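# Tertiary structure, described
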Amino acid sequence: MINVTKSFLPDKEEYIGYINQIWDSVHLTNNGPLLQRLEEELRRFTGIDNLYFCSNGTVVLEIALKALNITGEVITTPFSYCATSNVIIWNNCVPVFVDIDPDTFNINADLIEAAITPETRAILATHVYGNPCDVEKIEAIARRHNLKVIYDGAHGFGVTYKGRSLLSYGDISTCSLHATKIFHSVEGGLISTSHPELNHSLQLLRAFGHKGDEEYFYAGINGKNSEFHAAMGLCNLPHVPEIIRYRRQVFSWYDNNLDWEHLKKPLLAGQMEYNYAYYPVVLPSEDVLHQVQQGLQAIGVGCRRYFHPSLNTLSFMPRHYSCPVSENIASRVVALPLFVGLEEQVVVRISSAINGIIRAAIL
Ligand SMILES: *Cc1c(COP(=O)(O)O)cnc(C)c1O
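This is a predicted model, so every value here is computed, not measured.

Before going further, it helps to spend a moment on the overall build of the protein. Per the secondary structure count, the protein includes 11 helices and 14 strands. Radius of gyration (C-alpha) of the protein: 21 Å, near the 21 Å computed for a compact globule of 363 residues. For the protein, the residues scored as buried account for 54% of the 363 residues in total. Taking the intrachain contacts of the protein between residues at least 6 apart in sequence as the baseline, contacts between residues at least 24 apart amount to 70%. By element, 51% of the accessible surface of the protein is carried by carbon and sulfur atoms, the whole surface being about 15,900 Å². Within the protein, the 37 negative side-chain charges are centred at a point lying 2 Å from the centre of the 28 positive side-chain charges.

See the structure below:
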């Protein structure tokens, strides 16, 4: 079975070398030496000084909302993974969904201002598939209305936009280093900020909000990560350029073999170095999507409805919003297999299966 993704694994002996170090030091977690080293290497890699390695890509979103004292309404995108809106509810705020741009699938910045009310405090937007949001327009709106901007950059590791890491945009940006992501530490997350004065609270909030046994500052949470996870990050980080290179190649194989007459894919931003995080295609209809799922299953290939459903349609959302573009794209989009080691002949086989299903369905 070929799945939509396959986690990158480093050389086992290299990882075991780190495990031996952990055994010798008996320092398993709590800001250990490997974590500190990984944070230093990540700061060098991204060019972001104010960056912290945490336990996952969800807890960092919660920490972001807390660090910026966000209450009330948060404008967000319906086209993301459920973690993005879940954290808003988890922090007792109200998600206000603004529809997406039909070309990029990112939040439609032109619709944001109409959704602002006296209760609005922040914009939480996702760089969907690692493709940058309209960060300039969003920043201008936030300035005008005194709002904070948080980016869910879960897909954005390794992307640069206008010469800077994508994770350097917004008041706070987060990233996921989950095993399914382009660069991973099994489980892991990053939080970074453009405000050095937030460093203290970010560090405290991820570690229960206290320092030592005497100083208690906030009702923090446990968002720390372990030495075992840091070790995986240290092993994988040097491979990121080669991971991105391989993925770019897979991209071009799909680009060249899929029949684009009845397919669509997101429009990527200019002035960007992309990480080729996902290969989504929008099929002609949800009915064709079901046929493609079945057809690929029959040749031993998995795909993933990503993202589906449109988050504004989830039953537990406190308010109902209609987001026709997001609902339409979510009903028809599927992410195709993309990982290091995926062979060209398999991409050709997947592509011709999809082309054939669409041709039969359209006739
Ligand atoms: C993966 C993902 C998350 C959650 O990250 P975890 O590390 O799994 O907690 C959040 N937002 C988006 C857009 C994601 O893709």
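This is not the end of the story, as more comes after the structure.
Before going further, it helps to examine unusual backbone geometry. Backbone geometry follows two general trends: most residues other than glycine have a negative phi, and most peptide bonds adopt the trans configuration. Along the chain, Y306 connects to F307 via a cis peptide bond; the corresponding omega equals 10 degrees. Along the chain, F307 falls in the loop between α9 (286-298) and α10 (324-332). Between H308 and P309 the backbone carries a cis peptide bond, its omega angle lying at -5 degrees. With phi around 70 degrees, N30 is a residue other than glycine that occupies positive phi space. Assignment of secondary structure puts N30 in the loop between α1 (12-25) and α2 (33-46).

Time to look at the pattern of salt bridges. Overall, the coordinates contain 12 salt bridges when judged by the stated rule. Measuring nitrogen to oxygen at the nearest pair gives 3.5 Å for the salt bridge that ties E41 to R37. A residue pair is termed a helical-turn pair when its members lie 3 or 4 positions apart in one helix, as E41 and R37 do in helix α2 at 4 residues. A relative accessible area of 38% means that R37 is categorised as partly exposed. Through salt bridges that share partners, E39, E40, R43 and R206 make up one connected network.

Moving on to the site of the ligand. If you check the shell around the ligand, you find 16 residues, and the closest are G57, T58, D152, S176 and K181. The backbone of G57 places a nitrogen or oxygen atom 2.7 Å from an oxygen atom of the ligand. Take Y306: an N or O atom from its side chain is 3.0 Å from an oxygen atom of the ligand. For the ligand, the accessible surface in isolation is 380 Å², of which the surrounding protein chains cover 92%. Broken down by class, the residue content of the shell around the ligand amounts to 4 nonpolar, 10 polar and 2 charged.

This paragraph deals with the domain arrangement of the protein. Under the domain assignment, the protein is made up of domain 1 (12-237) and domain 2 (239-362). Computed from C-alpha atoms alone, the centre-to-centre distance between domain 1 and domain 2 is 25 Å. Counting residues at the interface gives 42 residues for domain 1, matched by 40 residues for domain 2. Here domain 1 and domain 2 share an interface that buries about 3,500 Å² over both sides, 65% of which is from carbon and sulfur atoms.

Another aspect to go through is the packing of aromatic side chains. Applying the stated criterion across every chain, the model contains 18 aromatic pairs. A ring pair is formed by F79 and F105, whose centres lie 5.9 Å apart and whose planes are at 80 degrees; its orientation type is edge-to-face. Here the residue F79 occupies a position in the loop between β2 (73-76) and α4 (82-90), and F105 occupies one in the loop between β3 (94-97) and β4 (120-126), the gap between them amounting to 26 residues. A connected cluster of aromatic rings, assembled from ring pairs, spans F79, F105, Y129, Y278, Y306 and F307. Sitting above the plane of the Y169 ring, R164 keeps its charged end 4.0 Å from the centroid.

Attention now moves to the sheet that holds strand β7 (residues 164-165). If you trace the 3 strands from one edge of the open sheet to the other, you get β7-β6-β12, paired in antiparallel fashion. The open sheet has two edge strands, β7 and β12 (272-273), and neither has a second partner. Bridge count between strand β6 (residues 160-161) and β7: 2 bridges; the pairing is antiparallel. Among the inter-strand pairings, T160 is bridged to a residue of β7, identified as S165.

Turning next to the nonpolar core. Grouped together as the largest cluster of nonpolar side chains are 99 residues, with contacts concentrated most on F79, I112, F157 and L336. Both domain 1 (12-237) and domain 2 (239-362) contribute no fewer than three residues apiece to this core. For F157, the residues in contact, after removing those within four places along its chain, are L42, F45, T46, L167, C175, L177, I182, F183, L190, L237, V240 and N275. Membership of the second largest hydrophobic core comes to 22 residues, among which are L61, A64, I70 and A122.

On to the pairing of β4. Most of β4 is tucked away: 6 of the 7 residues are buried. Across 4 bridges, the pairing between β2 and β4 is parallel. Looking across to β4, one finds that T76 is bridged to L124. Sheet analysis places β4 next to strand β5 (residues 148-152), joined by 5 bridges and oriented parallel. Within β5, the position partnered with L124 by the bridge is I150. Crossover β4 to β5 through helix α5 (residues 135-145) is right-handed.

Turning to its location among the elements, T193 is positioned in strand β9 (residues 189-193). Classification of T193 by relative accessible area gives buried; the value is 5%. Looking at T193, its side chain comes within polar contact range of the main-chain nitrogen of H195, at 3.0 Å. Ignoring anything within four residues of it in the chain, the contact list for T193 reads N50, D171, I172, L198, N199 and L202.

Scoring rules and cut-offs
- Residues numbered from 1 in each chain as written.
- Predicted model: local features only at pLDDT ≥ 70, side-chain atom pairs only at ≥ 80, totals over all residues.
- Heavy atoms only, no water.
- Helix = DSSP H or I, 4+ residues; strand = E, 2+ residues; numbered from the N terminus.
- Rg over C-alpha atoms; globule rule 2.2 N^0.38 Å.
- Buried < 20%, exposed > 50% of the residue type's maximum accessible area, 1.4 Å probe, protein only.
- Contact = heavy atoms within 4.5 Å.
- Areas by Shrake-Rupley, 256 points an atom, 1.4 Å probe, with all protein chains shown as cover.
- Lys, Arg positive; Asp, Glu negative; His and termini not counted.
- Charge placed at Lys NZ, Arg CZ, Asp CG, Glu CD.
- Salt bridge = Lys/Arg side-chain N within 4 Å of Asp/Glu carboxyl O.
- Near = heavy atom within 4 Å.
- Polar contact = N/O pair within 3.5 Å; in protein donor to acceptor, adjacent residues only side chain to side chain.
- Nonpolar A, V, L, I, M, F, W, Y, C, P; charged D, E, K, R; others polar.
- Domains from an automatic or database assignment.
- Buried area = accessible area lost by both parts, 1.4 Å probe.
- Phe/Tyr/Trp six-rings, centres within 6.5 Å; stacked < 30°, edge-to-face > 60°.
- Lys NZ or Arg CZ within 6 Å of the ring centre and 35° of its normal.
- Pairing = 2+ DSSP bridges.
- Core = buried A, V, L, I, M, F, W, Y, C linked by side-chain atoms within 4.5 Å.
- Right-handed = clockwise from strand over helix to strand, strands pointing away.

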